[in-house]
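Tertiary structure, described
Here are the chains, one letter per residue:
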Amino acid sequence: MSWSLGAPVAALADVGACQFGEEFVACPVLARVEVSADTCVVTFGLADGTKPLNLSTCACILARGGEDKEGKPFIRPYTPVSTNAMV
């Protein structure tokens, strides 16, 4: 299966304008598409679905969920592939 976001679009965001702050917040997983054996595209719901994520270029979000054997939560970085122009 082939997956493509399309042509890149320039869309800049001010530093600190991201909908996610420094505290972890719950957000729903709206979709998950397998792109290859070790890659998938996950679509998360935002608190305000009428506004873009507003994540700065080259930034990532940290997702937390589940626990290891010691009870510590799993925390993983995810790099958005959508642009702020895609609302």
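Residues numbered from 1 in each chain as written. Predicted model: local features only at pLDDT ≥ 70, side-chain atom pairs only at ≥ 80, totals over all residues. Heavy atoms only, no water.

Overview of the overall build of the protein chain
Let me state the cut-off plainly: Only DSSP runs of H or I reaching four residues or more are called helices, and only runs of E reaching two or more are called strands; each is numbered from the N terminus. The contact definition used throughout considers only heavy atoms, calling two residues in contact when any of these lie within 4.5 Å. A 1.4 Å probe and the Shrake-Rupley method give the accessible areas. Residues count as covered only by the protein chains that appear here.
Across its full length, the protein chain holds 0 helices and 4 strands. Going residue by residue from the N terminus, the α and β elements of the protein chain occur as β-β-β-β. Within the protein chain, contacts between residues separated by at least 24 positions form 49% of all contacts whose residues are at least 6 apart in sequence. Accessible area of the protein chain: about 7000 Å², with a carbon and sulfur share of 56%.

Notes on the layout of surface pockets
Where we set the bar: Here a cavity means grid points, on a 1 Å grid over the protein atoms only, where a 1.4 Å probe fits yet cannot get out; a pocket means an open set of points with protein on both sides within 12 Å along at least five of seven lines; lining residues are those with an atom within 4 Å of a point. Grid points are joined across faces, edges and corners, and a volume is the space filled by probe spheres set on the points. Throughout this entry, Asp, Glu, Lys and Arg are counted as charged residues, while Ala, Val, Leu, Ile, Met, Phe, Trp, Tyr, Cys and Pro are counted as nonpolar. The remaining residues, Gly among them, count as polar.
If you add up the space inside the second largest pocket, you get close to 590 Å³. At the level of secondary structure, the elements contributing two or more residues to the lining of the second largest pocket comprise β1 (29-36), β2 (39-44) and β3 (61-67). Looking at side-chain class alone, the lining of the second largest pocket contains 15 nonpolar, 1 polar and 4 charged residues.

What about unusual backbone geometry?
Its identity is not glycine, yet N54 carries a phi of approximately 60°, on the positive side. Within the secondary structure, N54 sits in the loop between β2 and β3.

Examining the confidence of the model for the protein chain
Stated precisely, the cut-off is as follows: pLDDT measures how confident the predictor is about each residue, on a scale from 0 to 100.
Residues at a pLDDT of 70 or more form 90% of the protein chain, whose mean pLDDT is 84. For the protein chain, β2 is the element with the lowest average pLDDT, namely 87, and strand β4 (residues 73-78) is the one with the highest, namely 92.

Points about a nonpolar patch on the surface
To keep things clear, this is the line we draw: Residues form patches when they are more than 30% accessible in relative terms and have no salt bridge. Like charges link within 9 Å. Nonpolar side chains (Val, Leu, Ile, Met, Phe, Trp, Tyr) link within 5 Å. When a carboxyl oxygen of Asp or Glu lies within 4 Å of a side-chain nitrogen of Lys or Arg, that pair is called a salt bridge.
Taken together, F24, L62 and I75 make up a surface patch of nonpolar side chains, about 260 Å² in accessible area. Here L62 shows up in strand β3.

Structural notes on the pattern of salt bridges
Condition: Only protein chains enter the accessibility calculation, which uses a 1.4 Å probe; a residue is then buried when its area is under 20% of its type maximum, exposed when over 50%, and partly exposed in between.
For the structure shown, the criterion picks out 3 salt bridges. Between D48 and K51 there is a salt bridge, with the nearest N and O atoms lying 3.8 Å from each other. Taking the relative accessible area as the measure of exposure, D48 reaches 26% and is therefore partly exposed. A residue is classified by how much of its surface remains accessible, and K51, at 48% relative accessible area, is partly exposed.

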